[in-house]
Structure formats: structure tokens, C-alpha cells
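# Observations on the three-dimensional arrangement
So the chains spell out like this:
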Amino acid sequence: MSTATRALVTPGASARRPRGTTRAASAHEGSRAEAATGWIFLLPFLLIFVVFTAVPTVLAVGASLTDMTARDIRDPFNVNFTGFEAYSRVLGSPAFQGAFLNTVMFVVLCVPLSMGLGFALALMLNNGIRRLRTFFRAAVYVPVITNIVAAAVIWQYAFSISGPVNSAFSNLGVPVVNWLGKPEWAIATVVMMGVWRNAGTCMILFLAGLQAVPEEIYEAAATDGASTMRRLWSITLPLLRPTTLLVTVLMTVSFLNIFEEPFLLTKGGPLGSTRPMALWVYEQFGFGNIASSMAGSVILLILVGIVAFIQFRMLRPKH
């Protein structure tokens, strides 16, 4: 009797399968179930991303290629395709060029100051401060969770002509400073508020990175005679490279999109000295220049992407 015939006449022959095949099928079904579960948990984020990020981005790019104004909002398809005319107009605008330079200035000033202050606070909270450590952590992080409008009102009062800051300086014999009325002092005030708001975030991230470094490494280095600065330079900073990358990208993106501090403190003034790109986009939208506003937002989005990509390439771990 042939093998095929024996398989047909033998009861249960067709139902038997090799054990390996059964295990592979079970593993495949398990992986599919895990993937389905993962997609279910990911679905809310995907919906929010599509509705509030992907779709508005596509619409903004489309509007930037037209001559849309505020009068066309009710009938957005009754517009003319103008290509990159809006981009050319925006890039050639002296006001936008000034806003671009202001944004670069805020990034150059605020990112190193926020990261430096946050790192110093993290070192103190990790090594130097023993008592009330939780209290100091919460105190440093309070500006991050404080309502920005309320904080801006307090800062406006504190740095006004007759505010407590000038009063304290007057008692020390220092002349009164027009913090919010002169360009150079207005820039300094916005920078100080930006650093005050973001240093807590840097501190928390750096502190998490410091606590992940094994103590045995420091003990071995101290046994070999390494000084405190040597341990900081040769152990702490190299092991904090991934954390430093994360903090650098987060702070750079945050200050490239800076809006609340200059808008609430100075409205971009005086003389546009504190107007960043995000505030310029907001103002153009308020003026009804929809195409120019969308073109400016797309340029800002491209700039953020390019800077983040360069930082990832430069600061990523070498191994």
C-alpha cells in the first residue's frame, strides 16, 4: 500500500501534525495577538496625532501654496494656486528676518543657560544636598508647572519701573532700569523668564541620568586617586551623553518655538526686538495673511527638523 493510500485509510492520520509545526503556529498566533494589543493601546495617540498634527500640517502646507486670506476662510477652495510665492515673500520680509534672528538669539542664549543651570542643580541635589532634598527638587520644578499667564503677570509687576526689582536696586544705589521698555533689557528679561521656566525640566532629566550611574564606578575612580573634577569629566559627562542629547534636543525645539514669554511680557516689543518666528506667524494670522502665516509656520517646522537632525547626528553615542 502506498504512503498516500495509507494516509487516506488510517484513522486520524490527516489530523496529526509535527510538534514543531504546532509550536510555530502557536508562536505566530501569540505574536499577532501581541501586535493587535499594541495597536489598540497606540490607537488613541495615533488618532490625536492625525487629527491635531498630521492633518493641520497638510492643510498648512496646502494653504501656503495659495493666495488665501482671511476672506477666503469661509470658502477655502476658492483660492488661486501661487506656488512658492508666499515663501519668497516671507523670506524677503525684513520683519520675518528680524524674527528669525531673534529666535536664533533666544536659542543661543537660553539653551546653554537652561542646561547649565539645570545640570548644576542636578549635581547639587544628587551629591551636595542631603537634607530636604525632595523639597528642593519640588521647588526647582515648580516654575515648569506654574500657569504661564499668572507667572507673566508677576514678572511684569516685578520688572516694572516701580516694581520690587528696581526698588531693590535703588536701595543698593543702582539706577532704575526700564526692563520692558528698552530692547536690550527686554531681551534680557525674556531670556531670564525662559531659563527660569525650563531649568527645572533640565534638572529632572539630568538628575535621572546621574542616578543611573553606578556608584561603584566613582568609588573605583576615587580609589585610583581621581579628583572630583576628573571624575566629572571622565565618568559623569561621558555616561550622561544620551541624557545630554535628549535635553539638548528638547530645549532647542522648545526655544525655537518660543512664544509665551515674549508674547505675554513684551508683545514682541519694543520695536520688535523680542519678536520670535512663532509670534510673527501668530501676528500674520491675526492680520488675515493666511498664506504668509502658513508659509512661516512651515519654514519654522523645517528649521526645527533640520536642527534636531543635526543634533542627533552630532551627539548620538559613538558606540
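What counts as what
Residues numbered from 1 in each chain as written. Predicted model: local features only at pLDDT ≥ 70, side-chain atom pairs only at ≥ 80, totals over all residues. Heavy atoms only, no water. Helix = DSSP H or I, 4+ residues; strand = E, 2+ residues; numbered from the N terminus. Buried < 20%, exposed > 50% of the residue type's maximum accessible area, 1.4 Å probe, protein only. Contact = heavy atoms within 4.5 Å. Areas by Shrake-Rupley, 256 points an atom, 1.4 Å probe, with all protein chains shown as cover. Phe/Tyr/Trp six-rings, centres within 6.5 Å; stacked < 30°, edge-to-face > 60°. Expected span 1.5 Å × (residues − 1). Arc of directions from axis to C-beta. Axes fitted to C-alpha atoms, helices over the stretch in contact; angles between N-to-C directions. Parallel < 35°, antiparallel > 145°, perpendicular 65-115°, else oblique. Left-handed = near helix turned anticlockwise from the far one by under 90°. Nonpolar A, V, L, I, M, F, W, Y, C, P; charged D, E, K, R; others polar. Salt bridge = Lys/Arg side-chain N within 4 Å of Asp/Glu carboxyl O. Bend = angle between axes of the 7 residues up to and from the residue. Core = buried A, V, L, I, M, F, W, Y, C linked by side-chain atoms within 4.5 Å.

For the chain, the count of helices and strands is 14 helices and zero strands. Moving toward the C terminus, one meets the helices and strands of the chain in the order α-α-α-α-α-α-α-α-α-α-α-α-α-α. Considering the chain as a whole, with its 319 residues, one finds that 35% of them fall into the buried category. Relative to all contacts within the chain whose residues are 6 or more apart in sequence, the contacts with residues 24 or more apart total 69%. For the chain, the exposed surface amounts to about 19,600 Å²; the carbon and sulfur share of it is 68%.

Looking now at the packing of aromatic side chains. Evaluation of the coordinates by the stated rule reveals 13 aromatic pairs. On the numbers, 5.6 Å between centres and 55° between planes, the contact of Trp 155 with Trp 196 is tilted. Linking Trp 155 in helix H6 (residues 148-158) with Trp 196 in helix H8 (residues 183-211), this pair joins segments that are 41 residues apart in sequence. Look at Trp 196 and you get partly exposed, because its relative accessible area is 32%.

Moving on, we get to helix H10 (residues 228-239). If you check H10, its first and last C-alpha atoms are 15 Å apart, about what twelve residues at 1.5 Å a residue would give, namely 16 Å. Looking only at H10, the buried set comprises Arg 231, Ile 235 and Thr 236. The arc that holds the buried residues of H10, viewed along the axis, is 85°, so those residues lie on one side. Residues of H10 that are exposed and angled more than 90 degrees away from the buried face: Met 229, Arg 230 and Trp 233.

Contact geometry for H6 and H8: axes closest at 12 Å, N-to-C directions at 140°. Compared by their axis directions, H6 and H8 come out oblique. Once H6 is placed against H8, the crossing between them reads as right-handed. Taking contact as the criterion, the partners of Ile 148, Ala 151, Ala 152 and Trp 155 in H6 are, on H8, Thr 189, Met 192, Met 193, Trp 196 and Arg 197. Of the residues in the contact of H6 with H8, the class split is seven nonpolar, one polar and one charged.

With that settled, the discussion passes to the pattern of salt bridges. Inspection of the entire model under this criterion finds three salt bridges. Ionic pairing is found between Arg 197 and Glu 261, a salt bridge with its closest N-O pair at 3.1 Å. In this pair, Arg 197 is assigned in helix H8 and Glu 261 in helix H12 (residues 260-265), connecting sequence segments 64 residues apart. Classification of Glu 261 as buried rests on a relative accessible area of 3%.

Quick look at H8 now. An ideal rise of 1.5 Å per residue puts 42 Å on 29 residues; H8 measures up with 42 Å between its terminal C-alpha atoms. The largest bend in H8 is about 35°, located at Asn 198.

At a closest axis distance of 8 Å, the pairing of helix H13 (residues 277-287) and helix H14 (residues 290-315) adopts a crossing angle of 160°. The angle between H13 and H14 falls in the class roughly antiparallel. The crossing of H13 and H14 is left-handed. Between H13 and H14, the contacting residues are Met 277, Ala 278, Trp 280, Val 281, Gln 284 and Phe 285 on the first element and Ile 290, Ser 292, Ser 293, Met 294, Gly 296, Ser 297, Ile 299, Leu 300 and Leu 303 on the second. Of the residues belonging to the contact of H13 with H14, the class tally is ten nonpolar, five polar and no charged.

Residues Met 115, Met 193, Phe 206, Met 251, Phe 255 and Met 277 are the most contacted members of the largest nonpolar core, which totals 55 residues. Counting residues per element, the ones that place at least two in this core are helix H3 (85-91), helix H4 (94-128), H6, H8, helix H11 (241-256), H12, H13 and H14. The element contributing the most residues to this core is H4, with eleven residues. By size, the runner-up hydrophobic cluster in this structure holds six residues, among which are Ala 63, Met 68, Val 79 and Ile 290.

Keep in mind that these numbers describe shape and distance, not what the molecule does.
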